[in-house]
Each structure stands twice: as structure tokens, then as C-alpha cells.
Amino acid sequence: MSMKVTVYSDGSSRGNPGPGGFGTVMHFVDANGRLHVKELSAGYRLTTNNRMELMGAIAGLEALKRPCVVEMWTDSQYVVNAFNKNWIAGWLKRGWVNSQKKPVANTDLWRRLIAAVERHESVSWNWVKGHAGHAENERCDELATAAADCRERWHEDEGYRP
């Protein structure tokens, strides 16, 4: 039986670009019926909101050590639409150029996210309205904001590995 995991993620940046961070909260039930919650976060010296949104999703998917059935939740319509509206297929077909003939930003992270998705049995993408009182989205935002503000935890490069 496949393990089912619910992943919530959010990113935050203090300027675009500026210091930033992501927060990810994962929920799963083990074979004994016990609920587990795992939180991940990291901060970066100089980044953008979109990079942090992608990093939050990547961190959650890469933290899962075996293929799972994953339900992803994020307040980033950009990330959700890339999968649900099949924007990624168009970007790949056009060589990482969007429908307005502009290069897709953050292709390094999109490639990494696609690879992380492909490791799992299935990944569904869901949008949750940000700053609207959803407990897990609010927690992700708290983690992301704290990571962006905590200079001791900043990563010097974008090579975060959970």
C-alpha cells in the first residue's frame, strides 16, 4: 500500500530580490495509524518569492525517501497552474520559453521540481488562498518568514538539500 502524504508549502522574500525563505509542513499517517508532522525551512541571502515557492515544494517532495501518493497545497497559483494547466509541457516544447516568448525564470528549480515529482507515484497540485486563516498555510508562512529573517540560517548558495 502506498504511503499518502499531504505537503503544504509557502515562500517568502523581503524584496524581489531580497532575503527569503520557505516553509514546508508534511503530514502522513504511519502503518500504526499515528499522525506525523514534519516541518522544513531554509533561508537565503538573496532570492525572489517565486524561487522560494519552488524551493518549498521541492523540499517537501525531496524529503520523501520513497515513492508516495502526494497531495501538494500551496498559495502559489503560478506553481499550481504550471502543473494543472500543463504550462510545463509548453515550456519544454518551446525550450523553456513561455507563451509570451520570454525565457521561463528559475528553470534550474523547475527542472529539479519536475524530477522530484517524477519520483512519486502521483502528485496532485492544489491551491489554498494565502493569508486567509488556513492553519497549515499560515504555519508555512511563519516558517518562511522566520527563515528569511534569520541571518544565522541563511544558505550562501541555492544548493539547499533537506
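Reference entry: report on the structure contained in this document. (Residues numbered from 1 in each chain as written. Predicted model: local features only at pLDDT ≥ 70, side-chain atom pairs only at ≥ 80, totals over all residues. Heavy atoms only, no water.)

1. Quick notes on the side chain of Ser9
- By the element assignment, Ser9 lies in strand S1 (residues 4–13).
- Once you skip the residues sitting within four places of it in the chain, Ser9 turns out to touch Gly23, Thr24, Glu53, Gly56, Ala57, Met72, Trp73, Thr74, Asp75 and Cys140. (Helix = DSSP H or I, 4+ residues; strand = E, 2+ residues; numbered from the N terminus. Contact = heavy atoms within 4.5 Å.)

2. Some thoughts on helix H2 (residues 77–84)
- All of the buried residues in H2 are Val79, Val80, Asn81, Ala82 and Phe83.
- Here the buried face of H2 lies against helix H1 (49–63), strand S4 (69–74), helix H3 (87–93), helix H4 (107–118) and strand S5 (122–127).
- Two residues or fewer after H2 comes Asn86, characterised by a positive phi angle close to 60 degrees. (Buried < 20%, exposed > 50% of the residue type's maximum accessible area, 1.4 Å probe, protein only.)

3. Concerning the nonpolar core
- In this structure, Leu61, Val70, Met72, Phe83, Trp110, Leu113 and Trp125 are the most contacted members of the largest nonpolar core, which totals 36 residues.
- By residue number, the principal contributor to this core is H1, which donates eight residues.
- Apart from residues lying up to four places away in sequence, Val70 is in contact with Val5, Val7, Leu61, Leu64, His120, Ser122, Val123 and Ser124. (Core = buried A, V, L, I, M, F, W, Y, C linked by side-chain atoms within 4.5 Å.)

4. Concerning the pattern of salt bridges
- Using the criterion set out here, one finds six salt bridges in the structure.
- In this structure, Asp149 engages Arg14 in a salt bridge whose closest nitrogen and oxygen atoms are separated by 3.0 Å. Taken together, the residues Asp149 in helix H5 (residues 135–149) and Arg14 in the loop between S1 and strand S2 (18–29) connect sequence positions 135 residues apart.
- The class of Asp149 is partly exposed, set by a relative accessible area of 45%.
- The exposure class of Arg14 is partly exposed, given its relative accessible area of 40%.
- Note that Asp108 and Arg51 form a salt bridge whose closest N and O atoms lie 2.9 Å from each other. Taken together, the residues span a long stretch of sequence, with Asp108 in helix H4 and Arg51 in helix H1 at a distance of 57 residues.
- Using a relative accessible area of 42% as the deciding quantity, one classes Asp108 as partly exposed.
- A relative accessible area of 13% places Arg51 in the buried class. (Salt bridge = Lys/Arg side-chain N within 4 Å of Asp/Glu carboxyl O.)

5. Some remarks on the packing of H2 against H4
- Two numbers describe how H2 lies on H4: the axes approach to 13 Å, and their chain directions differ by 60 degrees. Classified by the interaxial angle, the pair formed by H2 and H4 is oblique. The two elements H2 and H4 meet at a crossing, and its hand is right-handed. Of the residues in H4, those touching H2 at Tyr78, Val79, Ala82 and Phe83 are Trp110, Leu113 and Val117.
- Its residues placed into classes, the contact of H2 with H4 shows seven nonpolar, no polar and no charged. (Axes fitted to C-alpha atoms, helices over the stretch in contact; angles between N-to-C directions. Parallel < 35°, antiparallel > 145°, perpendicular 65-115°, else oblique. Left-handed = near helix turned anticlockwise from the far one by under 90°. Nonpolar A, V, L, I, M, F, W, Y, C, P; charged D, E, K, R; others polar.)

6. Structural notes on unusual backbone geometry
- In this structure, Pro17 follows Asn16 across a cis peptide bond, with omega equal to 15 degrees.
- Summarising the element assignment, Pro17 is placed in the loop between S1 and S2.
- For Trp96, which is not glycine, the phi dihedral falls at a positive 65 degrees.
- Within the fold, Trp96 resides in the loop between H3 and H4.
- Positive phi outside glycine occurs at Lys101, with the angle close to 65 degrees.
- Mapped onto the elements, Lys101 comes out in the loop between H3 and H4.
- On the accessibility criterion, Lys101 (72% relative accessible area) is exposed.

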